[in-house]
Amino acid sequence: MSRIKIELEKLLKERKISKNQLCYACKLQHTQLNNYCKNKVVRVDLATIAKICDYVGCSIADILVLEKDEEPEQEIAEK
């Protein structure tokens, strides 16, 4: 099963933006931002993602990445 990975922390490092800057600019709590950075979010708030994209100057695809799982060996053998 595929899963969505949040690559916000990587993006912030690449753009040299601190978490404090982002929290202040987007009016986010540090706990909320850390959860996004550490992939501990189960339900993504679209308004929050939009604020982050606007401030960082990126698209949603730069933050949210679909990771596909490898097919289990059993399924490959059956094909």
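The structure reproduced in this document is the subject of the present report. All values derive from a computational prediction rather than experimental measurement. (Residues numbered from 1 in each chain as written. Predicted model: local features only at pLDDT ≥ 70, side-chain atom pairs only at ≥ 80, totals over all residues. Heavy atoms only, no water.)

A word on helix α3 (residues 30–37). Structurally, the α-helix is built with 3.6 residues per turn, so residues lying three or four positions apart point the same way. If you check which residues of α3 are buried, you get Leu33, Tyr36 and Cys37. Seen from one end, α3 has its buried residues packed into an arc of 100°, which puts them on one side. Looking at the buried residues of α3, the elements they touch are β1 (3–6), α1 (8–15), α2 (19–26) and α4 (46–56). Positive phi appears at asparagine 39, one or two residues downstream of α3, with a value of about 60°. (Buried < 20%, exposed > 50% of the residue type's maximum accessible area, 1.4 Å probe, protein only. Helix = DSSP H or I, 4+ residues; strand = E, 2+ residues; numbered from the N terminus. Arc of directions from axis to C-beta. Contact = heavy atoms within 4.5 Å.)

Where α2 meets α4, the closest approach of the two axes is 10 Å, and the angle between their N-to-C directions is 115°. For the crossing formed where α2 meets α4, the hand is right-handed. Here Gln21, Leu22, Ala25 and Cys26 of α2 lie close against α4, whose contacting residues are Lys51, Ile52, Tyr55 and Val56. The class makeup of the residues in the contact of α2 with α4 is six nonpolar, one polar and one charged. (Axes fitted to C-alpha atoms, helices over the stretch in contact; angles between N-to-C directions. Left-handed = near helix turned anticlockwise from the far one by under 90°. Nonpolar A, V, L, I, M, F, W, Y, C, P; charged D, E, K, R; others polar.)

To continue, consider the nonpolar core. Ranked by size, the top nonpolar core spans 18 residues in total, and within it Leu8, Leu12, Leu22, Leu33, Ile52, Val56 and Ile63 carry the most contacts. Contributing elements (two or more residues each) for this core: α1, α2, α3 and α4. Sort the elements by how many residues they give to this core and α4 lands first, with four residues. Contacts of leucine 33, omitting those with residues within four sequence positions, involve Leu8, Lys19, Leu22, Cys23 and Leu28. (Core = buried A, V, L, I, M, F, W, Y, C linked by side-chain atoms within 4.5 Å.)

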